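The residues making up each chain are set out below.
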Amino acid sequence: MQGNNNIKSELIKDWGLEATDNGELVIGGCNTINLGNIYGTPLHVVNEARLRTTAYSFLETIKSKYPGKISVHYAFKCNPVPGVIKIIKAAGIKAEVMSEYELMTALKLGYSGKDIIVNGPYKTDRLIKACIENNIRFINVDSLFELEKIESICNDLNKSAEVLFRINPDFVPSGMNNGSAAGSRTGSPFGMDMKGGEVVHTLKMIKRMKLVIFRGFHFHIGSGIQVTDDYRKALTGLKKILNEAENSGFNVDVMDIGGGLGIPNSREMTTLELLLYQAFDLLHSGRQSNNKISFAHYADSVTKGVLSLFRNKKIPELILEPGRCITGPNQLLLLKVHQVKERKGIKKWLVADAGIGTLTMPTYYEHHEVVLCNDINRKSSEKVTITGPGCFSADVVYRNKIMPKVAAGEMLAILDSGAYFTSWESSFGFPRPAIVSVVDGRHSLLRKRESFDHMISLDTI
Ligand SMILES: Cc1ncc(COP(=O)(O)O)c(C=O)c1O
């Protein structure tokens, strides 16, 4: 993107960013160079006002389109930072969690059990017990094995639990990798195998359970969906199972269609792109943008899908579990170039203070724009490989990224880093960075930089 004459207007329009007259990148009224100097790099920067607006707008758009009851639950796994979740919670969005840690975070943040949905393929007995004791709204059951565990724990506690069945709809969204799409029958273990008869069998089993109550279905077809009509298509594919549930005497009161909506300016690499990049270092170099992704298109597709699925039936409560489309575009990651290395005629490397080993795991499989913070107008002129600080060769941000000429000491920003960057972080030889939120020219710390003492605090020395 660097070097485009309209770069400033693109940054404003597509990311809500700005620049000073001398070309320094500004987020939430704060100069990124100052932020990097004050808090140190790497640094996550959350655009608070934009995050709040996005969360409200998601909720309002779906409410304006869907004629029935709606509940929106933010998927904690996408960005589990309490300071981020608090902003989303204040907009009226509830919680979706998938581990004891996330459940504890939700309860600490003041969500009541009735505002929480629990998902995931690894629900330990302790998690299930905590769900039942805290009157969690729905446990989304992943398998018959898990359902039997839930029943046994309900019996021990003499308490009931309401559940949705997670079904594997055998649906791969357009352009996504079969091996990673969460609703793929061959690629993903999640959910009950609808086509193999597991859902119907599990419905039969729940019939004889006194304390476990079936309320509806759940699916999640993947993350980063680029074609909003895929939701309608995935829903339409559930007609048979819906009829089978009703013929077995169940009301489907609730449809939870998970998360997954993509964002306009960053996306997962396609199967071919991933192959070319990982095998031959060929990185797709064009600007990524998809202006067909919008909350309005998404809400239309979902509404059409549910209304068609429930034609001539009572329409269900609709549950949505967005993650990426709320947080993704509202955060950036600042990194500093420590040294520039060049082997003439072979390659140039920018050695930076963050890479996939510590902080940028999604850059392994997603396209993200990288901006030179101290001079957004400098023209792109060369291919460089941006590596991280780890002394291991896979610690790369991007190989062969087209960038302007960058010098040691200059600062870069990876855009759209609000989804799955903080979740994937690891202390691979370096402390986890600080997280700061910015609004109207003010900045405040959401998380301190990890200290070395904290990093070894659990070890016995
Ligand atoms: C069950 C479930 N719901 C919601 C989400 C959130 O997805 P996204 O961040 O793509 O919206 C995920 C992500 O993997 C998920 O597994």
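Small disclaimer: the values here were computed from a predicted structure and weren't measured.

**Focus on the pattern of salt bridges**
- Scanning all chains against the criterion turns up 31 salt bridges.
- In this structure, the salt-bridge partner of Glu 317 is Lys 69, at a minimum N-O distance of 3.7 Å. With Glu 317 in strand β14 (residues 317–320) and Lys 69 in the loop between α3 (48–65) and β5 (70–75), this pair connects stretches of sequence that are 248 residues apart.
- Its salt-bridge partner being Lys 195, residue Asp 170 comes within 2.7 Å of it at the nearest N-O pair. Of the two residues, Asp 170 sits in the loop between β9 (161–168) and β10 (192–193) while Lys 195 sits in the loop between β10 and α8 (198–207), which places them 25 residues apart along the sequence.
- A relative accessible area of 29% places Asp 170 in the partly exposed class.
- Among the charged side chains, a salt-bridge network with shared partners connects Glu 425, Arg 432, Arg 447 and Glu 450.

**Quick notes on the sheet that holds strand β1 (residues 18–19)**
- Judged by pairing direction, the sheet is antiparallel, and its three strands sit side by side in the order β1-β2-β3 without closing on themselves. Lying at the two open borders of the sheet, with one neighbouring strand each, are β1 and β3 (30–31).
- Relative to β3, strand β2 (residues 25–27) runs antiparallel, the two being bridged by two bridges. Among the inter-strand pairings, Val 26 is bridged to a residue of β3, identified as Asn 31.

**Comments concerning the site of the ligand**
- In the region of the ligand, 15 residues are neighbours, and Ser 223, Gly 260, Glu 321, Arg 324 and Tyr 420 sit closest.
- Between the ligand and His 220, the relevant distance is 3.4 Å, taken from an oxygen atom to a side-chain nitrogen or oxygen of the residue.
- The separation between an oxygen atom of the ligand and a polar main-chain atom of Gly 323 is 2.9 Å.
- Protein contacts shield 92% of the accessible area of the ligand, which totals 400 Å² for the unbound molecule.
- Here the shell around the ligand is composed, by residue class, of three nonpolar, seven polar and five charged.

**Re the domain arrangement of the protein**
- With domains assigned, the protein is organised as domain 1 (7–47 + 329–455) and domain 2 (119–278 + 291–322).
- Placing a centre on the C-alpha atoms of domain 1 and another on those of domain 2 gives a separation of 35 Å.
- Taken together, the contact pairs 15 residues of domain 1 with eleven residues of domain 2.
- Overall, the association of domain 1 and domain 2 removes approximately 1200 Å² of surface from exposure, summing both partners, and the carbon and sulfur fraction of that is 49%.
- Counting across the interface, domain 1 meets domain 2 through zero salt bridges.
- If you look at where domain 1 meets domain 2, you find eight residue pairs in polar contact (both at pLDDT 80 or more).
- Every element with two or more residues in the side of domain 1 that touches domain 2 is listed here: α1 (7–15), β17 (366–367) and β20 (396–403).
- No other element matches β20, which puts four residues into the side of domain 1 that touches domain 2.
- Considering only residue class, the side of domain 1 that touches domain 2 consists of eight nonpolar, three polar and four charged.

**A few points about a nonpolar patch on the surface**
- Among the surface-exposed residues, Leu 272, Leu 275, Leu 276, Phe 280 and Leu 282 lie close enough to one another that they form a single nonpolar patch of about 510 Å² accessible area.
- One can find Leu 282 in the loop between α11 (271–280) and α12 (295–309).
- On the basis of relative accessible area, Leu 282 is assigned to the partly exposed category, the value being 48%.

**Some points on the side chain of Thr 303**
- Assignment of secondary structure puts Thr 303 in helix α12.
- According to the relative accessible area criterion, Thr 303 is buried, its value standing at 7%.
- Beyond its immediate chain neighbours, meaning those up to four positions away, Thr 303 contacts Lys 65, Tyr 66 and Pro 67.

**A look at helix α10 (residues 239–247)**
- For α10, the set of buried residues is Ile 241, Leu 242 and Ala 245. One side of α10 carries all its buried residues, which in axial view fall inside an arc of 105°. Every exposed residue of α10 that faces more than 90 degrees away from the buried side is listed here: Lys 240 and Asn 247.
- Each element contacted by the buried residues of α10 is listed here: β9, α8, β11 (212–218) and α12.
- Looking one or two residues past α10, Gly 249 carries a phi angle of roughly 95°, positive in sign.

Conventions used here
- Residues numbered from 1 in each chain as written.
- Predicted model: local features only at pLDDT ≥ 70, side-chain atom pairs only at ≥ 80, totals over all residues.
- Heavy atoms only, no water.
- Salt bridge = Lys/Arg side-chain N within 4 Å of Asp/Glu carboxyl O.
- Helix = DSSP H or I, 4+ residues; strand = E, 2+ residues; numbered from the N terminus.
- Buried < 20%, exposed > 50% of the residue type's maximum accessible area, 1.4 Å probe, protein only.
- Pairing = 2+ DSSP bridges.
- Near = heavy atom within 4 Å.
- Polar contact = N/O pair within 3.5 Å; in protein donor to acceptor, adjacent residues only side chain to side chain.
- Areas by Shrake-Rupley, 256 points an atom, 1.4 Å probe, with all protein chains shown as cover.
- Nonpolar A, V, L, I, M, F, W, Y, C, P; charged D, E, K, R; others polar.
- Domains from an automatic or database assignment.
- Contact = heavy atoms within 4.5 Å.
- Buried area = accessible area lost by both parts, 1.4 Å probe.
- Patch = residues over 30% accessible without salt bridge, like charges linked within 9 Å, V, L, I, M, F, W, Y side chains within 5 Å.
- Arc of directions from axis to C-beta.

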